[in-house]
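Given next are the chains, with one letter for each unit.
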Amino acid sequence: ILSELDDLANIERVASAITEVLRLPFNLANELAYVSASLGITIYPDDTTDTDSLIRNADQAMYLAKDSGRNRFSYFTKSMQEKALYRQHLLNDLHFALEEQQFELYYQPIVDLSTGEIIKAEALIRWHHPVRGLVSPVEFIPLAEESGIIVEIGNWVFKEAARQAVLYQQKIARPLQISINKSPIQFHMASDHIDWSEYLEEINLSGESIVIEITEGLLMNKGSHIDQQLVAFHKLGMQIAVDDFGTGYSSLSYLSKFDIDYLKIDQSFVQNLTASSDELSLCEAIIVMAHKLGLKVIAEGIETEQQKQLLNNAGCDFGQGYLFAKPLPAKEFEKLLI
Ligand code: C2E
Ligand code: CA
Ligand code: CA
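A short tour of the structure in this document, coming up. (Residues numbered from 1 in each chain as written. Chains lettered and ligands numbered in written order. Predicted model: local features only at pLDDT ≥ 70, side-chain atom pairs only at ≥ 80, totals over all residues. Heavy atoms only, no water.)

### Thoughts on the site of ligand 1
Inspection of the region around ligand 1 gives 22 residues, with Gln108, Arg126, Gln267, Glu303 and Tyr322 positioned closest. Between glutamate 303 and ligand 1, the recorded distance is 2.5 Å, taken from a side-chain N or O atom to a nitrogen atom. Within the complex, the protein chains bury 82% of what would otherwise be the 800 Å² of accessible surface of ligand 1. In a pocket analysis with a 2 Å cut-off to the grid points, ligand 1 is assigned to the largest pocket. Mapped by element, the contributors of at least two residues to the shell around ligand 1 are strand S6 (118-129), helix H4 (137-147), helix H5 (150-172) and strand S10 (239-245). Per-element tally for the shell around ligand 1: the top contributor is S6, with 4 residues. Per-class residue counts for the shell around ligand 1 are 10 nonpolar, 6 polar and 6 charged. (Near = heavy atom within 4 Å. Polar contact = N/O pair within 3.5 Å; in protein donor to acceptor, adjacent residues only side chain to side chain. Areas by Shrake-Rupley, 256 points an atom, 1.4 Å probe, with all protein chains shown as cover. 1 Å grid on protein atoms, 1.4 Å probe; cavity = no way out; pocket = protein on both sides within 12 Å on 5 of 7 lines; lining within 4 Å. Sits in = over half its atoms within 2 Å of the grid points. Helix = DSSP H or I, 4+ residues; strand = E, 2+ residues; numbered from the N terminus. Nonpolar A, V, L, I, M, F, W, Y, C, P; charged D, E, K, R; others polar.)

Printed below as a string of structure tokens:
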């Protein structure tokens, strides 16, 4: 607490001095130990006047300092408070979204790059918020994960996608795989694939119609018996894809340790893809490596004909992106199939 502040510039001087001092190594039993400090700053009475809110403000500002790389200080701002409030409201509303049937699945085609035929579709969740309109999964999935609601949402996604797969296959009389995103939290919190297999039986859908997209991070995680859960999916005939490949971890050993069917090359590689770009070399290397390991490759975020050509020439198996179609409501997607 800095009392009787007549010049706000003094705050920075003190905050810098604290972080500087704490950054120096400590001598602990003849070992050098390092710590860093993250400071959050709020100002009375400008920001708020009661003690609880002051502490909450400072706490939020401290998290911003941490998120910006630690060993620094941040001021509390109005927009931080608004963001925190917005998240709080969204989280409250999320609790009712399922029973109020505010979720919908959109479908984005995944095509065979050599023939252009739609072989699969990725199911992507959309939230029709009664007041805010369409809320992006990028905003609410992290909240759903933090609060654990993702388990229920994930089960709904699975059932909805499976139900839709049956309808599509009846319409087109050929197999179409639907891939769904499964959050690591779902793997850690519940062994819910038992219900999933029952549901497949109930609607008479073969597991082969479902691909589960997981993140690299999940495979680096010890415990929760991830390998057994993946094996259980395979036993049901489902396949496994590693999403956003190439962005997360440098350890590749997990690729041979786990039974995986597809790598999805992350959009960031595809976006900057031009002939003789580094990204092209990376994509080519990923594709060769995947094929040697017996995996197929799906490139995400294809927006131009040139990107498609380069990936096809590099031997990439499947493609997904706005060039083919944006994610579409189930009925619209159906029109692409016939
Ligand atoms: P993701 O799994 O990597 O999904 C691909 C995202 O890229 C989708 O965003 C899709 O609309 C977008 N996209 C597809 N093609 C292109 C393209 O050509 N250019 C660009 N710029 N973007 C493209 P979306 O639908 O907003 O989903 C964002 C993320 O939210 C997903 O990333 C996924 O991580 C998560 N998500 C979506 N649905 C679910 C779900 O049912 N469960 C879980 N756990 N996560 C989901
Ligand atoms: Ca995905
Ligand atoms: Ca992805």
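### Some remarks on the packing of aromatic side chains
For the structure shown, the criterion picks out 13 aromatic pairs. Ring plane angle 85° and centroid distance 6.4 Å describe the contact between phenylalanine 73 and tyrosine 75, whose orientation is recorded as edge-to-face. Taking the relative accessible area as the measure of exposure, phenylalanine 73 reaches 22% and is therefore partly exposed. Through a chain of ring-to-ring contacts, three or more aromatic side chains come together here, namely Phe158, Phe187, Trp196, Tyr199 and Phe233. A cation over a ring is seen here: lysine 182 above phenylalanine 187, with NZ or CZ 4.4 Å from the ring centre. (Phe/Tyr/Trp six-rings, centres within 6.5 Å; stacked < 30°, edge-to-face > 60°. Buried < 20%, exposed > 50% of the residue type's maximum accessible area, 1.4 Å probe, protein only. Lys NZ or Arg CZ within 6 Å of the ring centre and 35° of its normal.)

### Some thoughts on the coordination of the calcium ion (ligand 3)
Every protein donor of the calcium ion (ligand 3) is accounted for by Asp243 (OD), Asp244 (OD), Glu300 (OE) and Glu300 (OE), and the metal-donor separations fall at 2.2 to 2.6 Å. Binding-site remark: the calcium ion (ligand 3) is held by donors from one chain whose sequence spacing is D-D-x55-E. (Donors = N, O, S within 2.8 Å, 3.2 Å for Na, K, Ca; no water.)

### A look at the pairing of S10
When a strand is regular, its side chains alternate between the sheet's two faces. Extensive coverage of S10 is indicated by the burial of 5 of its 7 residues. Inspection of the sheet shows S10 paired to strand S11 (residues 262-265) by 3 bridges, in the parallel sense. Each residue of the ladder has a partner; that of phenylalanine 245, found in S11, is isoleucine 265. (Pairing = 2+ DSSP bridges.)

### A word on the environment of glutamine 320
Assignment of secondary structure puts glutamine 320 in the loop between strand S13 (318-319) and strand S14 (328-329). Its relative accessible area of 2% is what places glutamine 320 among the buried residues. Residues glutamine 320 and methionine 289, spaced 31 residues apart in sequence, show a C-alpha to C-alpha distance of 20 Å. Setting aside residues up to four positions removed in sequence, glutamine 320 forms contacts with Gln108, Pro109, Ile110, Glu122, Lys264, Ile298, Ala299, Glu300, Gly301 and Ile302. At a separation of 2.8 Å, a polar atom in the side chain of glutamine 320 contacts the side chain of glutamate 122. (Contact = heavy atoms within 4.5 Å.)

### A short note on a nonpolar patch on the surface
Nonpolar side chains collect at one region of the surface, where Leu2, Leu5 and Leu8 lie side by side and expose about 240 Å² of accessible area between them. When you line up the elements, leucine 5 lands in the segment before helix H1 (9-23). (Patch = residues over 30% accessible without salt bridge, like charges linked within 9 Å, V, L, I, M, F, W, Y side chains within 5 Å. Salt bridge = Lys/Arg side-chain N within 4 Å of Asp/Glu carboxyl O.)

### What to know about the coordination of the calcium ion (ligand 2)
Summarising the metal site, the calcium ion (ligand 2) is bound by the protein donors Glu122 (OE), Asn181 (OD1), Glu213 (OE) and Asp243 (OD), whose distances to it range over 2.1 to 2.3 Å. Written as a sequence motif, the donor arrangement for the calcium ion (ligand 2) is E-x58-N-x31-E-x29-D. Here the calcium ion (ligand 2) and the calcium ion (ligand 3) are spaced 4.1 Å apart, linked through aspartate 243, which binds each one. With glutamate 122 in strand S6 and aspartate 243 in strand S10, this residue pair connects regions lying 121 residues apart in the sequence.

### A word on the layout of surface pockets
Put simply, the largest pocket is a space of about 980 Å³. For the largest pocket, the lining is made up of 36 residues, of which Glu122, Leu124, Pro137, Asn181 and Asp243 are closest to its centre. Broken down by secondary-structure element, the contributors of at least two residues to the lining of the largest pocket are S6, H4, H5, helix H6 (184-189), strand S9 (210-215), S10 and helix H11 (267-271). For the lining of the largest pocket, the class distribution of residues is 15 nonpolar, 11 polar and 10 charged. In this structure, the second largest pocket occupies an estimated 670 Å³ of space. Surrounding the second largest pocket, 20 residues form its lining, Ile1, Leu2, Thr42, Ile43 and Tyr44 being those nearest its centre. Listing elements by their share of the lining of the second largest pocket, those giving two or more residues are H1, strand S3 (38-41) and helix H2 (51-67). Per-element tally for the lining of the second largest pocket: the top contributor is H2, with 5 residues. Counted by class, the lining of the second largest pocket contains 15 nonpolar, 4 polar and 1 charged residues. (Points joined across faces, edges and corners; volume = space filled by probe spheres on them.)

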